[in-house]
Amino acid sequence: MPSDFDDLVFFVNGKKIVERNADPEMTLLTYIRRKLGLTGTKLGCGEGGCGACTVMISKYDHFQKKIIHYSINACLAPVCSLHHTAVTTVEGIGSVTSRLHPVQERIAKAHGSQCGFCTPGIVMSMYSLLRNTPQPAMEEIEEAFQGNLCRCTGYMSILEGYKTFANNSGCCGGKGKQDGCCMNKEETNEMYLQPGLYDPSEFKPIDPTQEPIFPPELLLFDRLSSKQLQFKGERMMWIQPCSLSGLLSLKAEYPDAKLVVGNTEIGIEIKYKNMLYPVILAPGYISELNIVQHTEEGIIFGAACTLTLIGDVLRKAVSELPKHKTEVFQAVLEQLRWFAGQQIRNVAAIGGNIMTASPISDLNPVFMAAGCKLTLLSKGGKRVIKIDDKFFTGYRKTALKPQEILLSVEIPYTRQGQYFSAFKQASRREDDIAIVNCGMSVLFKEGTNVVKELLVSYGGMAPTTVLARKTCGQLIDREWNEELLQEACCLLAEEMSLSPSAPGGMVVYRRTLTLSFFFKFYLTVQQKLVKDLGANKYHAEHLSPGYASATELFHKDFPSSVQIFQAVPPGQSMEDVVGRPVVHLSALKQATGEAIYCDDMPRYENELYLTLVTSTKAHAKIISIDTAEAMEVPGVVCFLSYKDIPGSNITGPIVLDETVFAEDTVTSVGHIIGAVVADTQAHSQRAAKAVKITYEELKRTITILDAIANKSFYQPIRKIERGNLDKGFQEADHIVEGEMHMGGQEHFYLETHCTLAVPKGEDGEMELFASTQDATKTQALVAKVLGVPSNRIVCRVKRMGGGFGGKESRSTLLSTVVAVAAHKVKRPVRCMLDRDEDMLITGGRHPFLGRYKVGFLKTGQIVAVDVTYYSNAGSSTDLSLAIIERALFHMDNSYNIPHIRGLGYVCKTNLPSNTAFRGFGGPQGMMIAECWLSDVALKCDLPAEQVRKINMYKQGDVTPYTQKLEQFTTDKCWEECLVKSNYHQRRKQIEEFNRQHRWKKRGIAIIPTKFGISFTASFLNQAGALIHIYTDGSVLLTHGGTEMGQGLHTKMAQVASRALQIPISKIHISETSTNTVPNTSPTAASVSSDLNGMAIYNACQILLKRMEPYRNQNPKGSWEAWVKAAYFDSVSLSATGYFRTPGINYDFEKNEGNPFHYFSYGVACSEIEIDCLTGDHKNLSTCIVMDVGLSLNPAIDIGQIEGAFMQGVGLYTLEELRYSPDGNLYTRGPGMYKIPGFGDIPTEFNVSLLREAPNSKAIYSSKAVGEPPLFLASSVFFAIKDAIYAARTESGLRGPFRLDSPATPERIRTACADKFTKLCPPAEPGTYTPWDVQM
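Residues numbered from 1 in each chain as written. Predicted model: local features only at pLDDT ≥ 70, side-chain atom pairs only at ≥ 80, totals over all residues. Heavy atoms only, no water.

## A closer look at the packing of helix α27 (residues 922–940) against helix α35 (residues 1274–1290)
Part 1 of the reasoning: Where α27 contacts α35, the axes come no closer than 11 Å and their chain directions differ by 30°. One element, α27, and the other, α35, form an angle in the roughly parallel class. Helix-helix and strand crossings are classified by hand; for α27 and α35 the assignment is right-handed. On the side of α27, the interface is formed by Met 927, Glu 930, Cys 931, Ser 934, Asp 935 and Leu 938, while α35 contributes Ser 1274, Phe 1277, Phe 1278, Lys 1281 and Tyr 1285.
Part 2 of the reasoning: Of the residues in the contact of α27 with α35, the class split is six nonpolar, two polar and three charged. (Axes fitted to C-alpha atoms, helices over the stretch in contact; angles between N-to-C directions. Helix = DSSP H or I, 4+ residues; strand = E, 2+ residues; numbered from the N terminus. Parallel < 35°, antiparallel > 145°, perpendicular 65-115°, else oblique. Left-handed = near helix turned anticlockwise from the far one by under 90°. Contact = heavy atoms within 4.5 Å. Nonpolar A, V, L, I, M, F, W, Y, C, P; charged D, E, K, R; others polar.)

Written out as structure tokens, the structure reads:
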């Protein structure tokens, strides 16, 4: 082996890079961000699950003999894997300073970029698609985004913008000149509708000839390199052999070496499982491992063939070969549809998928059931084996010998009379790991329905992929009929058993899925037998249309949407942009990667990096901390603990009940104990993992039920009551009691918490650049921990990559630690949390338990409600008291209940402290309300919408907290939503659908919301602004709000533009900082536009008054002339503005005063379809009518509504935080925690802004919009519940039933009780330790 190491040669955005010291541990993402300074590509998760790091790779493919372009996850790609490739990042395709690429322009101008952190990745996914397919089909566009996530937009605006590239987008291109064009809208009086939020005809056309050329130098490498490459880092060596014999020699020399093609598994193991592989072999360029060979028995694929290539080859085979030969191919393709994201499929190899031996691999059950053959090779020779139940020898172990490699896989043709299916069920359909998956094959004796061979293989039911050998054996020579089905289910229920404590949990559901999948296979085969043998020869008992739907493969049409809003009045000046759909001021910069986020700031020359050291125990005494090994890691500067704090270790956003560093006790897993400071992130992270802490465990309280049993509550217990409950229950015809649990939610802002602290070297001054919603609280708590006055600390916020409440108070957890580090080392210190750290440490939405008793009349009129809320606050108070208060303020939702009492308990547990999250307790409070209302409707056997309507508030009614409802518009929203959604017609169609389908059911629900607007802590309802007018007429605007994607800066510039009567182009907002506007309130509670808008208006009026004489003297003069005249007359052109909300004065003890300035109202109607056999569901349609007053910016408001709704869809149907019984969070990244993806949008998604609804209490008659729409997503939950009820009715079950939130596939399937669920009863509680517990 040569002693020297090779140069790594590749291109980035056309520039040649020669790296002489390539480190095998360094990813492409780290390289381009740190070494090349290209910060447009973002780190969102580090595990290939969010797509924020997407870039395009171009290379000459020696096997296909052409240049290929494909998207990859830069966070997983080792930089050493890129030899002789060309990398294109978002900066390489366009710029705001030169030329925008159409892909960048369209996402920005279609309002598809809010916080913008995910935008470069989405841009590059679309760009990669267009480089291969300049006019893609709509389905290809949606497929391209399977590996991308967005938390802000709700996806619809992105798809609407990008469908303009499609060859079947449906746009006539008529620009309003042709009959039937969508741009021809009738105007009605003064109230008329805009043609749209943007004009697609203004988009630049795409011109493939203008794309960057492939570097000619790379074309010179037109044959495979005959030279073996080696790269060596501190701990790892990367060897890229150039021949098969060379690979076999290396494998003999290094039998423990890992073979890596895509690094989609090994990369995760190294980063998150602390694994170290000293030698990596990269065989991706060896020709024998890349073959595709058609034989008489099937198709042979080399082990390094990517999943994308395999999909292409199999699709071609399916289109060309007889159908009976391609059943296995079709099953593989069906699994590949949902296998990870496009970026992963583009690099992941079939051999890696098999050899990883994951028990939940999507392909291994198919390969096992198909009897695929593997060719294995070593220096000792070749052998061919089948993938069967002996191949996987244990958890992630195979039958390969250490020196052997997997050379190829043969996927066989199916035979005449053989039928094959594959099924998969996951929490989310796109880019999700399986809960259970399977491959099933049956071969019949010729011309009969008698089973000759049967193979049923499952993933997710054991530590390995398993064959149901016993079941299959007993069904040979049996006829394919009802009797076989019954016996198969009984046998499978017995053979596919699981311990009730099995890893992964969901034991009953997983067992039920094995039966459901077999039933689907049984029905599918029945259909094919009837077709192949003829109905006369083979009679099928279950082949009614109602059963046939159970065999349909998942299909969803490309989403469509309509946005309806009120245009500005005729005659409004074009310069007056209030009410117009102005594009987010940063959208173009975000689309080109030029928008700067906290971690994008250039490195200081002497900057250091910090990594946190956190507790692994939920409640324990710290016995010792051993840092000896950590301090030996290269580049480590110091370890920090509470002993290094110069000021106070006591901290907290309101109640000072937290510490910056744990001293002698930890109170949750993730509690910060210390931190390591080093020269690089890699070194600090390695050292942090080497810190050894010993504990003495203490009694812990984890769940709400634990807290209730231990009476572990924070004080005070809150109560709101009106009327006489005893009297109300006496008047009631019926009383129903129940309870509901609502799970928590992870914020999953795409940009994790980040802080850069720069000590100034004198007077204790420090400058902080932080991703925070509360610059003032950050300033105050950093000053406290450093022991200096607040005037020595400046906190600056340019923008955040999402916040949603998660950066309101918990950002100070990181900022205080980083500030202490910078103070100690007297150098700049930076830290951006990895996704797993962020999810573990920073808390999320509070889980709630609601217990209720409801009295009501036969008509459905509710007369009494007694409800108790319990929230899981975690290990400190944080904002939990205010959150339980808001839950109580929303316990009525939109319903007028004469006798009502609500109690709120804040549970103290040993979890990381939960915190603010969009809605701030309101969604939990209203969810429980809709739950008891649903029970009432089911008990009365009345339509739910009828019960909602008769209990709904009216104008002038008074809430339980004595606030009178003024400008009440829920009734208007309700009636408009009924009409726009065609509710009654849909209801009839759903009833007919449900009569005709046994195993698919549809449901519909229409839900109102009433959301109070104001901080309930009255002192926070204030804001300031600072405006400078410069002598050239340009305006610099600063206010107290922070920009996190919600378009606040854009709206504030619109407000200032109208107030000063100048074009918005003259106004600039640079950042939010504590040295310009002091004592700011957090950007939260949906009030930032109201508060800051009024403060800006106030400052503008002051400036206009000062300039009035010069306008009067020169009425025809220009803005610039008036400014100069005022300046030369020595008039100040700078002003501060201020506003405080009047009349917020609620008193809990007396139950009097107003907690809110006004209310936002809205209604949503959603229709869904569930698969009763798997619990899967799809969102068919949603119609939202929202009252946002007179919108300041309809594009931003509609974007907020769509984004909030989809975040709510996650809350109520998808997102599940899973904890172990000892308080350890399992779901620490997108691999296990699933937020909605592109495929979760309702197929029909329409949003209307209520017209003629001015709000007299906010700036320019607008209304708050950030939080109120989120709860409308509960319409999806209750539509699911409606569908489940239809399924239960068919099984003979009627009346109210419990369905906790989120309505995951597991909960849906379990609630659809039937003959299969009866075969899989749960274990008795208390007889086992569950894998996870409900918080």
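Read on, since the account is not over.
## Digging into the pattern of salt bridges
Part 1 of the reasoning: Taken as a whole and assessed by the stated rule, the structure comprises 73 salt bridges.
Part 2 of the reasoning: Residue Glu 767 pairs with Lys 760 through a salt bridge whose shortest N-O separation is 2.8 Å.
Part 3 of the reasoning: Glu 767 is paired through a salt bridge with Arg 796; the nearest N and O atoms lie 2.5 Å apart. In this pair, Glu 767 sits in strand β33 (residues 766–770) while Arg 796 sits in strand β34 (residues 793–797), placing the two residues 29 residues apart along the sequence.
Part 4 of the reasoning: Using a relative accessible area of 12% as the deciding quantity, one classes Glu 767 as buried.
Part 5 of the reasoning: Classification of Arg 796 as partly exposed rests on a relative accessible area of 25%. (Salt bridge = Lys/Arg side-chain N within 4 Å of Asp/Glu carboxyl O. Buried < 20%, exposed > 50% of the residue type's maximum accessible area, 1.4 Å probe, protein only.)

## Some points on the sheet that holds strand β18 (residues 434–444)
Part 1 of the reasoning: Strand order in the open sheet formed by four strands is β17-β18-β19-β20, with antiparallel pairing between adjacent strands. Each edge of the sheet is formed by a strand with only one pairing partner; in this case those strands are β17 (418–426) and β20 (466–467).
Part 2 of the reasoning: As judged from the two bridges shared by strand β19 (residues 451–459) and β20, these two strands associate in the antiparallel manner. Its bridge partner lying in β20, Tyr 458 is registered against Val 466. (Pairing = 2+ DSSP bridges.)

## What to know about the sheet that holds strand β7 (residues 237–240)
Part 1 of the reasoning: What the four strands build is an open sheet, ordered β6-β7-β9-β8; its pairing is mixed. Each having just a single partner strand, β6 (229–232) and β8 (258–259) make up the two edges of the open sheet.
Part 2 of the reasoning: Direction of pairing for β7 relative to strand β9 (residues 279–281): parallel, over a ladder of three bridges. Directly across from Met 237, in β9, lies its bridge partner Val 279.
Part 3 of the reasoning: Where helix α7 (residues 244–253) meets the sheet, its contacts fall on β7, β8 and β9, and the angle it forms with β9 comes to roughly 155°.

## Let's talk about the pairing of strand β2 (residues 15–19)
Part 1 of the reasoning: The pairing of strand β1 (residues 8–12) with β2 spans five bridges and is classified as antiparallel. If you follow Phe 11 over to β2, its bridge partner there is Lys 16.
Part 2 of the reasoning: Hairpin connection between β1 and β2: a loop of two residues separates the two successive antiparallel strands, and Asn 13 in this loop has a positive phi of roughly 50°.

## So, the pairing of strand β45 (residues 1158–1171)
Part 1 of the reasoning: Within β45, 14 of the 14 residues are buried, which leaves it mostly tucked inside the rest of the structure.
Part 2 of the reasoning: Residues of β45 alternate between two faces, with Tyr 1158, Ser 1160, Gly 1162, Ala 1164, Ser 1166, Ile 1168 and Ile 1170 on one and Phe 1159, Tyr 1161, Val 1163, Cys 1165, Glu 1167, Glu 1169 and Asp 1171 on the opposite face, all of them buried.
Part 3 of the reasoning: In terms of strand pairing, strand β39 (residues 1000–1013) meets β45 through 14 bridges, oriented antiparallel. Each residue of the ladder has a partner; that of Gly 1012, found in β45, is Phe 1159.

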